[in-house]
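Here's the letter readout for the chains.
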Amino acid sequence: MDLNNVVKIPIGPQHPCLKEPACFTVSLNGERLAGLDLRLGYNHRGIEKAAESRTYIQNIYLIERVCGICSHSHPSCYIQCVEQIAGLEVPARGRYLRSLIGELERVHSHLLWLGVAAYEIGFETLLMYSWRDREVVMDILAMLTGNRVNYAANVIGGANRDITEDHKKDILKAVDVLEERTKYYIEVATEEATLIARLSNVGYISLDDVKLMGTAGPTARASGLDYDVRRDDPYAAYKDIPFKVITDTHCDVYGRALVRVGELMESYKMIRHIIQNIPDGPIAVKAPRKIPAGEAISRYEAPRGEDVHYVRSNGTDKPERVRVRAPTMVNLLSVPKMLEGDNLADVPITIAAIDPCFSCTDRAIRVSDLDGGNAKVMTWNETRRFGIDWYRKNGIDFTDLNKRLAGRMR
Amino acid sequence: MSVSLFEMIVFPGFIFLGVMGMLFEYLDRIVYARLQNRKGPPWFQPFADFIKMGSKEDIIPREADSGMFVLSPLLAVTAVVVSAFYIPMWGGKALFSFFGDAVVVIYLLTIPTVAYFFAGWYSTSLYSTVGAVRTLTQLFAYEVPLFLVILAPGILANTWSLSGMAEFYSQNPLLCVTNVVGFMVAIVALQGKLERTPFDIPEAKTEIVGGTFTEYSGRLLAFLKLTHSVKTVVVAALVSAVFLPFGVEIGGVLGFAIFIVKIAVIVCILSAFKAALARIRIEQMVDFCWRYVAPAAIFQLLISMVLGALTGCGV
């Protein structure tokens, strides 16, 4: 490889192919990729730290906001930890309700992914279609919980809201519509030539590499890893719900697309099963305000992969430590491997194919130089000062502007 | 052979083509939107976009070559408008014609692509540079097939004048059927020329932001967009003159209406392709063009030559 011909192109922090800030510096040799440098940390929100100063109940709502799309997965996973420490047994109806919302969320997340993936390869019609159909499941979620995202469907010890017979009818009707549309997408995915040309043999990652890097979720299942937390470590009502774990052996982006549409079909079956078999009874048990000292770890199959939460309590009404490991964290590590030897045109779709969620993943607390050395920890005020000085050094001074703005506000 | 200022600026020059370009841009957008289950823009949207962009500030990057940066869009729009003078639209003949004007038109229609390359290259931004290189790579893939199929009908008509071709085929409409392969090749090549999905590789926004036009803003961007719209009409007019010359000798309002319908059909075909396909990679595009489109173009050439020999018309 002639290093003189290498051009470095920044994809991010702001770029049309990214929905959230992250920086992929792509080294290009013509149209071929010669290297990829991954940089995160534009989105750190300090949620884990904030969780330590809030009560367990408040934390449900905070943790819910870790991710806008997996906004049922994260609180469920957190609550499972708390219930485990407190020794609470969730009633059967509550468990079924959790699974129901979980599967509806998976449907909406996968349909969203389908649209984003189509957009990345310039297939805007599929984006418009799949996002139109996503509205069907969004309406159902809004009907059941009052919100399109951030459902607040959980409480410690069970579910927050019950469903009625009318709800059941509407859900079944919506699932029928969605199933029919999804069949059409499967048809498109298996027949449309340009789509297959763009997805096949792109972002290849072998089963061995998947195991080596700990890749999770549909990304791993598309490389033939037969693993799903819902089946292998069942939570909520998944022990009682029959379903198939969808795997694929393409190992590329096409395989990931097939796994996701396959999971959509499975989710519809599961939703039907839940609606038909949901037991009667209470939806929640009462939880104590103070959780006894202890620690717990829990796993949850989020739409993007295995979500892991860790909670340590100290007997008060606030947790001592909450740790969130979002699935993007492990999947992102495999992206440079996937992109080895691919084209520039494959970068957006390969990044999108792991269904990344950068703000869920960001845990940046260290500031280091670009070469990776010289790491130091900065406080908020130091960071702010650093920013102001940096801009001033580069000839941009906001002091006057700030004064003027302050004057106008007065 | 002289051209009056009125012809150059108003009709059938810049303003006429500009208005036509924007109206067909609207048609393209609404058809695309309806195919995608969207409502689509109101009819004046392209005009509103043009006026709004025209009223914005022009920003020329410090690193860019400001001369070429400004000249490229003007070069592009001029070349397209001039080429329109040689294309028969309705009422028989084009504004100008001479033996071999088909070659001149194809040559003139290549200039905008080269101008896009200059625009991207002299912007010196990374995304623009990649876009510019892609523009040229793509040019080499679609240009030869397009050239071959535009000239193929000329063999039967025994002329390389577009007006002559249109006249010949409107007198012998049945012979048009022999050019079906050429028409299909031309439609594929047009998508490359107009940089539309699946060949919108030079401005693939998810990969290289705005591609060639990343650094453009304000009036210059408005002109680039206008060039694009006008180019759509002119190229569609070229294809309709060569492959669909029905009623080209009819003048007046009826002739104009027939012309509009023909352009609209071609634009709708292009919109349908845009809606139905995903963007492919540059190497897939080059591969496709040389493996399938170029042989098809040569096949069309052979058909024309054999027919010419059999019927005795042509060279």
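Just so you know, the residues in each chain are numbered from 1, in the order the chain's sequence is written. The naming scheme follows written order: chains are lettered A onward, ligands numbered 1 onward. For this predicted model, a pLDDT threshold of at least 70 governs which residues receive local features, and a threshold of 80 or more governs which side-chain atom pairs are given and counted, while totals over whole chains, interfaces and linings are taken from all residues.

Peer 1: Looking at this structure, how should I read the overall build of chain A?
Peer 2: Only DSSP runs of H or I reaching four residues or more are called helices, and only runs of E reaching two or more are called strands; each is numbered from the N terminus. Along its length, chain A carries 17 helices and ten strands. The size measure is the radius of gyration over C-alpha atoms, and the globule rule it meets is 2.2 Å times the number of residues to the 0.38 power. Here the C-alpha radius of gyration of chain A, 23 Å, is about what a compact globule of 410 residues would show, namely 22 Å. If you line up chain A on its principal axes, its C-alpha atoms span 70 × 55 × 45 Å. Put plainly, a residue is buried at 20 or more neighbouring C-beta atoms within 10 Å of its own, exposed at 12 or fewer, and partly exposed in between, counting only other residues' C-beta atoms, which are placed from the backbone. By residue count, 47% of the 410 residues in chain A fall in the buried class. Partitioning the contacts of chain A with sequence separation of at least 6, the portion at a separation of at least 24 is 70%. Whether two residues are in contact is decided by their C-beta atoms, placed from the backbone, lying within 7 Å.

Peer 1: Mind showing me how you'd approach the interface of chain B and chain A here?
Peer 2: In many reports, interface size means the accessible area that the parts give up when they come together. Taken together, the contact between chain B and chain A spans 24 residues of the former and 25 residues of the latter. Listing elements by their share of the side of chain B that touches chain A, those giving two or more residues are helix 6 (126-157), helix 9 (205-208), helix 11 (252-276) and helix 12 (282-311) of chain B. For the side of chain B that touches chain A, a count of residues per class yields twelve nonpolar, five polar and seven charged. Asp, Glu, Lys and Arg are counted as charged, while Ala, Val, Leu, Ile, Met, Phe, Trp, Tyr, Cys and Pro are counted as nonpolar; the rest, among them Gly, fall into the polar class.

Peer 1: Can you walk me through the sheet that holds strand 6 (residues 294-302) of chain A in this structure?
Peer 2: Neighbouring strands of a sheet are bound in pairs by backbone hydrogen bonds; such pairs are parallel or else antiparallel. Residue and element names in this part refer to chain A. By this definition, two strands are paired if DSSP reports at least two bridges between them. Strand order across the open sheet formed by three strands is 6-7-8, with antiparallel pairing between neighbours. The open sheet has two free edges, formed respectively by strand 6 and strand 8 (319-325), since each of these has just one partner strand. Taking each pair of neighbouring strands and ignoring which way they run, the sheet shows an average axis angle of 15°. Sheet topology places strand 7 (residues 305-313) next to strand 8; six bridges connect them, and they run antiparallel. Its bridge partner being in strand 8, His309 is matched across the sheet by Val324. Throughout, an axis means a line fitted to C-alpha atoms (over the contacting stretch in the case of helices), and angles, computed between N-to-C directions, take values from 0 to 180 degrees.

Peer 1: Is there a simple way to explain the sheet that holds strand 1 (residues 6-11) of chain A in this structure?
Peer 2: Residue and element names in this part refer to chain A. Here three strands make up an open sheet; going across it, the order is 1-2-3 and the pairing antiparallel. If you trace the sheet from one side to the other, it starts and ends with strand 1 and strand 3 (32-39), each paired once. Strand-to-strand, the axes of this sheet are offset by a mean angle of 20°, without reference to chain direction. The pairing of strand 2 (residues 23-29) with strand 3 spans seven bridges and is antiparallel. Its bridge partner lying in strand 3, Thr25 is registered against Asp37.

Peer 1: Whenever I open this one, the pairing of strand 7 of chain A confuses me. Can you help?
Peer 2: Residues and elements named next belong to chain A. Extensive coverage of strand 7 is indicated by the burial of seven of its nine residues. Inspection of the sheet shows strand 6 paired to strand 7 by nine bridges, in the antiparallel sense. Across the sheet, Ala302 pairs through a bridge with Gly305, a residue of strand 7. The loop that links strand 6 with its antiparallel partner strand 7 comprises two residues.

Peer 1: What am I meant to see in the environment of Lys193 of chain B here?
Peer 2: Residue and element names in this part refer to chain B. With respect to the helices and strands, Lys193 occurs in helix 8 (residues 180-193). Considered as a pair, Lys193 and Thr113 are 80 residues apart in the sequence and their alpha carbons are 7.7 Å apart. In this structure, Lys193 is in contact with Tyr142, Leu146 and Val235, ignoring residues within four places of it in sequence.

Peer 1: Sorry, what's going on with unusual backbone geometry here?
Peer 2: Most peptide bonds take the trans form, and the phi angle of most residues other than glycine is negative. Here the bond from Thr197 of chain B into Pro198 of chain B is cis, since omega is 5°, no more than 30 degrees from zero. In this structure, Cys251 of chain A takes a positive phi of about 65° despite not being glycine. Structurally, Cys251 of chain A can be placed in the loop between helix 10 (229-232) and helix 11 (253-277). Phi is positive for Asn37 of chain B, which is not a glycine, with a value near 70°. Position of Asn37 of chain B relative to the elements: it lies in the loop between helix 2 (14-35) and helix 3 (45-54).

Peer 1: What exactly am I supposed to notice about helix 12 of chain B here?
Peer 2: For the α-helix, the turn length of 3.6 residues means that residues three or four positions removed from each other point alike. All names here are of chain B. Given the number of residues in a helix, its expected span is that number minus one, multiplied by 1.5 Å. A rise of 1.5 Å per residue sets the reference length of helix 12, with its 30 residues, at 44 Å; its end C-alpha atoms lie 42 Å apart and thus fit the reference within 8%. Turning to helix 12, its buried residues number three or more, namely Ile282, Met285, Phe288, Cys289, Val293, Ala297, Gln300 and Ser304. Against the buried residues of helix 12 lie helix 6 and helix 8.

Peer 1: Which parts of the structure should I look at to understand the packing of helix 8 of chain B against helix 12 of chain B?
Peer 2: The relative placement of two packed helices comes down to the angle between their axes together with the axis-to-axis distance. Residue and element names in this part refer to chain B. It is at 9 Å that the axes of helix 8 and helix 12 come closest, and there the two elements cross at 150°. Looking at the two axes, helix 8 sits roughly antiparallel to helix 12. You can see that helix 8 and helix 12 cross each other, and the crossing is left-handed. From helix 8, Val181, Gly182, Val185, Val188 and Ala189 reach across to helix 12, where they touch Val293, Ala296, Ala297, Phe299, Gln300 and Ile303. Oblique is the label for any angle not under 35 degrees, not over 145, and not in the 65 to 115 range, which are roughly parallel, roughly antiparallel and roughly perpendicular in turn. What makes a crossing left-handed is the near helix being turned counterclockwise from the far one by less than a right angle; a clockwise turn instead makes it right-handed.

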